[in-house]
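Take a look at the letters that make up each chain.
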Amino acid sequence: MLSKKIEQALNQQIELEASSSNYYLAMASWAEVQGINGVAAFLYGHSDEERMHMTKLIQYVNERGGHGIVPTIKAPPANYKSVSEVFDIVLSHETKVSKSINELVDLCLKEKDYSTHNFLQWYVTEQIEEESLARTNVDKLRLMGGEKAALYFFDRDLAGAKAKEAKQQKGEAK
Ligand code: FEO
């Protein structure tokens, strides 16, 4: 059984994952409207992943005798200045999520909730990957220095990465 304190902290994390999903969805829609389809596909996929992170938490809270609450979320911005701005936001958002997960892990140790501590290890690993991916994209965009031609290749790169990931999920890629 979860303590009220842990249940509340997990519900806050549910809210953060839900707002991440919504944020990336808004960015994906913006990129699609701009015709930057590789970036859009990447962000749609990322939004789906965040929704999965949220659902996994809701189900865990419920499994442990608590109640996973679906939150109300503030609308994210609809418009962005550039792809660089989008990825800067993604990186700072992911850094915030990592910090929040680390604080949750810390709370579990203080409360001696080793089951939740164990459950959260999946998120710790996931955040290392997500932060590193976000940082790679920010670095690439910085190297491009806002060049339009380079953005074409960046977009194609992300579209290719998305297609490869889809194939891997279906077990088709080597
Ligand atoms: Fe689920 Fe990227 O935070």
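The rules we used
Residues numbered from 1 in each chain as written. Predicted model: local features only at pLDDT ≥ 70, side-chain atom pairs only at ≥ 80, totals over all residues. Heavy atoms only, no water. Helix = DSSP H or I, 4+ residues; strand = E, 2+ residues; numbered from the N terminus. Buried < 20%, exposed > 50% of the residue type's maximum accessible area, 1.4 Å probe, protein only. Contact = heavy atoms within 4.5 Å. Areas by Shrake-Rupley, 256 points an atom, 1.4 Å probe, with all protein chains shown as cover. Lys, Arg positive; Asp, Glu negative; His and termini not counted. Charge placed at Lys NZ, Arg CZ, Asp CG, Glu CD. Axes fitted to C-alpha atoms, helices over the stretch in contact; angles between N-to-C directions. Parallel < 35°, antiparallel > 145°, perpendicular 65-115°, else oblique. Left-handed = near helix turned anticlockwise from the far one by under 90°. Phe/Tyr/Trp six-rings, centres within 6.5 Å; stacked < 30°, edge-to-face > 60°. Core = buried A, V, L, I, M, F, W, Y, C linked by side-chain atoms within 4.5 Å. Expected span 1.5 Å × (residues − 1). Salt bridge = Lys/Arg side-chain N within 4 Å of Asp/Glu carboxyl O.

## Some points on the overall build of the protein chain
When helices and strands are tallied, the protein chain shows five helices and zero strands. Each helix and strand of the protein chain, placed in order from N terminus to C terminus, yields the pattern α-α-α-α-α. The burial tally for the protein chain puts 44% of its 174 residues in the buried class. Sequence-distant contacts, at least 24 apart, represent 78% of the contacts inside the protein chain between residues at least 6 apart. Counting only carbon and sulfur atoms, one obtains 54% of the accessible surface of the protein chain, whose full area is about 10000 Å². Positive and negative charge centroids in the protein chain, built from 21 and 25 side chains respectively, lie 1 Å apart.

## Some thoughts on the environment of A150
You can see A150 is positioned in helix α5 (residues 148-169). Measuring from C-alpha to C-alpha, the distance between A150 and N62 comes to 47 Å, with 88 residues separating the pair along the chain.

## Here we look at the packing of helix α1 (residues 4-33) against helix α2 (residues 37-63)
It is at 8 Å that the axes of α1 and α2 come closest, and there the two elements cross at 165°. What the angle tells us is that α1 and α2 run roughly antiparallel. As for how α1 packs across α2, the hand of that crossing is left-handed.

## Considering the packing of aromatic side chains
Applying the stated criterion across every chain, the model contains seven aromatic pairs. Here Y60 and F119 contribute two aromatic rings whose centre-to-centre distance is 3.9 Å and whose plane-to-plane angle is 10°, an arrangement assigned as stacked. Highlighted residues: Y60 in helix α2 and F119 in helix α4 (residues 114-144), separated in sequence by 59 residues. There is no split in this pair, since Y60 and F119 are both buried. When the ring of W122 is compared with that of Y123, the centres are 4.9 Å apart and the planes differ by 80°; the resulting orientation is edge-to-face. Classification of W122 by relative accessible area gives partly exposed; the value is 31%. The exposure class assigned to Y123 is buried, which follows from its relative accessible area of 2%. Among the aromatic residues, ring-to-ring pairing joins Y60, F119, W122 and Y123 into one connected group.

## Focus: the nonpolar core
In terms of nonpolar packing, the biggest core is built from 26 residues, with M27, V39 and F87 touching the most fellow members. Counting only elements with at least two residues in this core, the list comes to α1, α2, α3 (83-110), α4 and α5. Ignoring anything within four residues of it in the chain, the contact list for V39 reads A31, V83, F87, F154, D155 and L158. Core analysis: the next-biggest nonpolar cluster, separate from the first, contains 21 residues, L10, L104, V105 and L107 among them.

## Overview of α2
In this model, α2 (27 residues) spans 39 Å end to end at C-alpha, consistent with the 39 Å of a helix rising 1.5 Å per residue. One or two residues past the end of α2 sits G65, with phi positive at roughly 85°.

## Comments concerning the pattern of salt bridges
When the charged atoms of two side chains with opposite charge come close together, those side chains can pair. According to the stated counting rule, one finds nine salt bridges in the structure shown. With a shortest N-O distance of 3.7 Å, K5 and E111 are connected by a salt bridge. Taken together, the residues span a long stretch of sequence, with K5 in helix α1 and E111 in the loop between α3 and α4 at a distance of 106 residues. The class of E111 is partly exposed, set by a relative accessible area of 31%. Note that D88 and R142 form a salt bridge whose closest N and O atoms lie 3.7 Å from each other. Here R142 lies in helix α4 and D88 lies in helix α3, a separation of 54 residues in the sequence. Here D88 falls in the partly exposed class, since its relative accessible area comes to 36%.

Everything listed is a geometric property; what it means functionally is a separate question.
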